[in-house]
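Residue strings, one per chain:
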Amino acid sequence: MIIQDLLKDQIAVVTGGTRGIGYAIVQKFLEQGATVILFGSRQSSAEAAIAKLHSENPEYSVTGLAPDITDLTSVEQTFSQIVKEHKRIDILVNNAGISARDSLYDYSEADFDKIMDLNVKAVWNCTKAVAPYMRDQGSGCIINTSSMVSLYGQPSGCGYPASKFAVNGLTKSLARELGKDHIRVNAVAPGVTRTDMVAALPEDMVSRISADIPLGRIGEPVDIANAFLFLASPLASYITGTILSVDGATQV
Ligand code: NAD
């Protein structure tokens, strides 16, 4: 069954939209009729992603920017520029993120700050910048990328699960705070997903991980993007404050 136009006329911003899960989200949103502004860490990577999307479908309505999302002023200026051009922002996906696996003994303060700046503060910055526009237009949808490690922690690289626990905290708290303004706030918690973030793992390790997953495989970016599409669409109009696991029932 082909479902079309679930996001017709919607204006969406997707951070970390240049590759991996973010790119798949951008693809899904465009397929369903949204106009997407993707954010990358560099303008060149944003342009490369746009060229790839236009090679798939020249009709896609997609542009790209590269603000420093760890800096509130930069984010506020960028959202103001987007609203000037598009008049509104309906959907914000806070997806950009990095991981690290250092043991506590080797973890540098700079690395801990870096992971918190991107995985937590950037989510807060983008949400803070977009919320007034969503409140004034009377509706909005914010979806954050969490992780399955936000449920279990992990045995090394404590900064990464700590950052995703914080993402869940922002999601649940802001759903309660912003509901009165008709802004829904949810998160998707992916399991191990085939992107650059896991490309460094040897294939035999991926096979071992897959064997422990009840559905027998790791996730593909499109599996995760489908959950974002659902939460962004009118089908999820009464869902807010949810952390939706998309992990094949992984248990660790
Ligand atoms: P990826 O490395 O393929 O993509 C990361 C994205 O974040 C890229 O678009 C990149 O441009 C952007 N980014 C990185 N540093 C940035 C910076 N300083 N400023 C702005 N943007 C920056 O990774 P992915 O696997 O697609 O990860 C996307 C999200 O999914 C992350 O939040 C990650 O924590 C989460 N996640 C991934 C997995 C997995 O197994 N791949 C599992 C659970 C959660």
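Further up the page is the structure itself.
The present account deals with the structure reproduced in this document. Since we're looking at a predicted model, the values are computed, not measured.

### Structural notes on the overall build of the protein
Counting its regular elements, the protein contains nine helices and seven strands. Its C-alpha radius of gyration of 17 Å places the protein within 12% of the 18 Å reference for a compact globule of 252 residues. With respect to the three principal axes, the spread of C-alpha positions in the protein is 45 × 40 × 40 Å. The 252 residues of the protein split such that 49% are buried. If you take every contact in the protein between residues at least 6 apart in sequence, the share linking residues at least 24 apart comes to 74%. When the accessible surface of the protein is split by element, carbon and sulfur atoms take 54% of a total near 12,300 Å². With 21 positive and 27 negative side-chain charges, the protein shows a spacing of 4 Å between the two charge centroids.

### Description of the pairing of strand β1 (residues 11-15)
Every regular strand shows the same layout, with side chains that alternate between the two sheet faces. Of all five residues making up β1, five are buried, and the element is well covered by its neighbours. In β1, alternate side chains face the same way, and those of Ile11, Val13 and Thr15 on one face and Ala12 and Val14 on the other are all buried. Following the chain from β1 across helix α1 (residues 20-31) to the adjacent parallel strand β2 (residues 35-39), one finds a crossover that is right-handed. Direction of pairing for β1 relative to strand β4 (residues 91-94): parallel, over a ladder of three bridges. Across the sheet, residue Ala12 finds its bridge partner in β4, namely Ile91.

### Thoughts on a negative patch on the surface
Side chains of Asp68, Asp71, Glu109, Asp113 and Asp117 sit close together on the surface and give a patch of like negative charge. Along the polypeptide, Asp71 turns up in the loop between β3 (62-65) and α3 (72-86).

### Details of the packing of aromatic side chains
Aromatic rings in a pair are described by how distant their centres are and how their planes are angled relative to each other. Counted according to the given criterion, the structure contains two aromatic pairs. The ring of Tyr23 has Lys52 lying over it, and the distance from NZ or CZ to the ring centre is 4.5 Å.

### Considerations on the site of the ligand
Around the ligand there are 26 residues in total, and Thr18, Asn95, Tyr160, Thr193 and Thr195 lie nearest to it. A distance of 2.9 Å separates an oxygen atom of the ligand from a polar atom in the side chain of Lys164. Measuring from an oxygen atom of the ligand, one finds a backbone N or O atom of Thr193 at 2.8 Å. Relative to its unbound accessible surface of 820 Å², the ligand loses 88% to contact with the protein.

### A word on the pairing of β2
Counting buried positions over the five residues of β2 gives five, a clear majority of the element. Residue alternation in β2 divides its side chains into two sets, Thr35, Ile37 and Phe39 and Val36 and Leu38, and both sets are buried. Here β1 runs beside β2; their pairing, made up of five bridges, is parallel. In the sheet register, Ala12 faces β2, and the bridge partner there is Val36. Relative to β3, β2 runs parallel, the two sharing four bridges. Residue pairing across strands places Leu38 opposite Gly64, the latter belonging to β3. In this region the chain leaves β2, passes through helix α2 (residues 43-56) and returns to the parallel neighbour β3; the handedness of that crossover is right-handed.

### Some words on unusual backbone geometry
Unlike most non-glycine residues, Lys87 shows phi in positive territory, near 75°. Residue placement: Lys87 occurs in the loop between α3 and β4. One non-glycine residue, His182, lies in the positive phi region at around 60°. Mapped onto the fold, His182 is located in the loop between α6 (159-178) and β6 (183-190). On the accessibility criterion, His182 (54% relative accessible area) is exposed.

What counts as what
In this convention, every chain numbers its residues from 1, walking through the sequence in written order. Two thresholds apply to this predicted model, a pLDDT of at least 70 for residue-level local features and 80 or more for giving and counting side-chain atom pairs, whereas whole-chain, interface and lining totals are computed over all residues. Here the side-chain values reflect all heavy atoms present in the structure, with hydrogen atoms and water set aside. Strands are runs of DSSP state E lasting at least two residues, helices are runs of H or I lasting at least four, and both sets are numbered from the N terminus onward. Only C-alpha atoms enter the radius of gyration, while the globule expectation follows 2.2 Å times N to the 0.38, with N the number of residues. Working definition: with a 1.4 Å probe on protein chains only, accessible area under 20% of the residue-type maximum means buried, over 50% means exposed, and in between means partly exposed. Whether two residues touch is decided by their heavy atoms; if any such pair falls within 4.5 Å, the residues are in contact. Here the Shrake-Rupley method, with its probe set to 1.4 Å, supplies the accessible areas, and only the displayed protein chains count as covering residues. Only four residue types enter the charge count, namely Lys and Arg as positive and Asp and Glu as negative; His and the chain termini do not. All charge positions are set by atom: Lys at NZ, Arg at CZ, Asp at CG, Glu at CD. The definition of a right-handed crossover adopted here requires that, viewed with the strands pointing away, the path from the first strand over the helix to the second runs clockwise. Pairing between two strands requires that DSSP report at least two bridges joining them. Two distance rules govern patches: like charges are joined within 9 Å, and nonpolar side chains (Val, Leu, Ile, Met, Phe, Trp, Tyr) within 5 Å, applied only to residues with over 30% relative accessible area and no salt bridge. By convention in these notes, a salt bridge is any Lys or Arg side-chain nitrogen within 4 Å of a carboxyl oxygen on Asp or Glu. What counts as a ring pair is set by centres within 6.5 Å for rings of Phe, Tyr and Trp (its six-membered ring), and what kind of pair is set by the plane angle: stacked under 30 degrees, edge-to-face over 60, tilted for all other angles. Think of it as a cone above the ring: NZ of Lys or CZ of Arg counts as a charge over the ring if it is within 6 Å of the ring centre and within 35 degrees of the ring normal. When we say a residue is near a molecule or strand, we mean one of its heavy atoms is within 4 Å of it. Any N or O atom pair separated by 3.5 Å or less is treated as a polar contact, with the protein-specific requirement of one donor-capable and one acceptor-capable atom, and with residues adjacent in sequence counted only for side-chain atom pairs.

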